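Understanding the architecture of this molecule
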Amino acid sequence: MGYIAIDLDGTLLNHQNEISEENIKAIKYAQESGIEVVISTGRAYFDVQNICEKAEISTFVIGTNGSTIHSKDGMKISSITIAKDRVEAIVKWLDERNFYYEVFTDKAIYTLKNGREQFQNEINRLKSTDLDEYMKELVQVAERQFDQFGYVLVDNYHDILNKEEEFLNILACSFDKKKLEEAWNQFKEYNELMVVSSADHNIEITNKSASKGLALEKLAFLMNGSLDQAMAIGDSNNDLSMFQKVRHSVAMDNANDDIKAVCTTTTLSNDQNGVAHAIYQYMENLAIKK
Ligand code: CA
């Protein structure tokens, strides 16, 4: 059995945050041919569920950068959490430095009311200036982030820490490269944490045992499958761990050059149904091998 792991933002989702008809058709075609399709994303499971319901597809879901694995019918197969005292230390550090941040649990995405306002003001301020294409795109990505499903706005971070929920992921944003780098360096020092990024303005912190790649490996193991024939499609740094685990790694045309450089192939962009294109090519190659 083959596996196809697909990232969401910048990959399966187009600029309207939707899964195109062509991509839906290709996913269903792969599934009907006996391939297991896995959506593998930094987004929370409940957010992915919402997107999949609209598209009328059901797949395995690797959520919050590998912290969770859910079956096609929504059963939780695995979850890897960050200890609460560590969450407290991270959030306190970010809070003191005025970062915009989001804390992902198994129930919601928590963010501060005033933090959200400040970040939106920052976005508005940037939009009113003369931005180059790169920054324009980055600001759009930041704004699309607010479309996530499952936000709960709170007054301060203690309201988050009071929740008796599973803490899965912390996302921090800044358009200030230096500031973001400082945060990256701060958290990568912790042995039990994993720091990745899904766009140039963010970092995402999970437990070290959680990554898209490790989750994909675990899923294949649990299903008595193998990743020998697997394909992974993605566009950014948080996809690298799954690219390392599969034979066919596919970069989106809209990915940065450093991502394309480590992949075996590049497909079309997320606005040109790059996922469908990669799936058909993969299925064709499988058929030739048979
Ligand atoms: Ca992505």
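The rules behind these values
- Residues numbered from 1 in each chain as written.
- Predicted model: local features only at pLDDT ≥ 70, side-chain atom pairs only at ≥ 80, totals over all residues.
- Heavy atoms only, no water.
- Pairing = 2+ DSSP bridges.
- Helix = DSSP H or I, 4+ residues; strand = E, 2+ residues; numbered from the N terminus.
- Contact = heavy atoms within 4.5 Å.
- Axes fitted to C-alpha atoms, helices over the stretch in contact; angles between N-to-C directions.
- Domains from an automatic or database assignment.
- Salt bridge = Lys/Arg side-chain N within 4 Å of Asp/Glu carboxyl O.
- Nonpolar A, V, L, I, M, F, W, Y, C, P; charged D, E, K, R; others polar.
- Donors = N, O, S within 2.8 Å, 3.2 Å for Na, K, Ca; no water.
- Buried < 20%, exposed > 50% of the residue type's maximum accessible area, 1.4 Å probe, protein only.
- Core = buried A, V, L, I, M, F, W, Y, C linked by side-chain atoms within 4.5 Å.
- 1 Å grid on protein atoms, 1.4 Å probe; cavity = no way out; pocket = protein on both sides within 12 Å on 5 of 7 lines; lining within 4 Å.
- Points joined across faces, edges and corners; volume = space filled by probe spheres on them.

**A few points about the sheet that holds strand β13 (residues 248-251)**
Reading across the sheet, the eight strands line up as β5-β4-β3-β2-β1-β12-β13-β14 and stay open at both edges, with mixed pairing between neighbours. Lying at the two open borders of the sheet, with one neighbouring strand each, are β5 (76-79) and β14 (265-266). The pairing of β13 with β14 spans two bridges and is parallel. Its bridge partner being in β14, A251 is matched across the sheet by T266. Contacts from helix α9 (residues 212-222) reach β1 (3-6), β2 (36-40), β3 (60-63), β4 (68-70) and β5 within the one sheet, and its direction differs from that of β3 by about 145°.

**Considering the domain arrangement of the protein**
Where interface size is quoted, it is often the accessible area lost as the parts come together. By domain assignment, the protein separates into domain 1 (3-80 + 210-289) and domain 2 (84-207). Here domain 1 and domain 2 have C-alpha centroids that lie 24 Å from each other. Counting residues at the interface gives 21 residues for domain 1 and 26 residues for domain 2. At the boundary of domain 1 and domain 2, one finds one salt bridge. Mapped onto the side of domain 1 that touches domain 2, the elements with two or more residues apiece are α3 (45-55) and β5. In terms of residue count, the dominant contributor to the side of domain 1 that touches domain 2 is α3 (three residues). In the side of domain 1 that touches domain 2, the residues fall into four nonpolar, 14 polar and three charged.

**Some remarks on the coordination of the calcium ion**
Distances from the calcium ion to its protein donors, namely D7 (OD), D9 (O) and D235 (OD), fall within the range 2.3 Å. Donor residues for the calcium ion sit on one chain with the sequence pattern D-x1-D-x225-D. Looking at D9, the relative accessible area reads 32%, which means it is partly exposed.

**Section: the nonpolar core**
Core analysis: the biggest nonpolar cluster contains 31 residues, and I4, I6, I233 and I279 have the highest contact counts within it. Within the residue set of this core, elements represented by two or more residues are β1, α1 (8-12), α2 (21-32), β2, α3, β12 (231-234) and α12 (274-289). With seven residues, α12 is the largest single contributor of residues to this core. Look past the residues within four positions of I279 in its chain and what remains in contact with it is I4, I6, A26, I27, A30 and M231.

**What about the pairing of strand β9 (residues 167-173)?**
Successive side chains on a regular strand alternate, one facing one side of the sheet and the next facing the other. Most of β9 is tucked away: seven of the seven residues are buried. Where strand β6 (residues 100-105) and β9 come together, six bridges link them in antiparallel fashion. When the sheet's bridge partners are listed, T105 is paired in β9 with F167.

**Topic: the layout of surface pockets**
Roughly 1100 Å³ of volume is contained in the largest pocket. Elements represented by at least two residues in the lining of the largest pocket include exactly α1, α6 (133-144), α8 (177-188), β11 (202-207) and α11 (257-262). With six residues, α6 is the largest single contributor of residues to the lining of the largest pocket. Residue composition of the lining of the largest pocket, grouped by class: 13 nonpolar, 17 polar and 12 charged.

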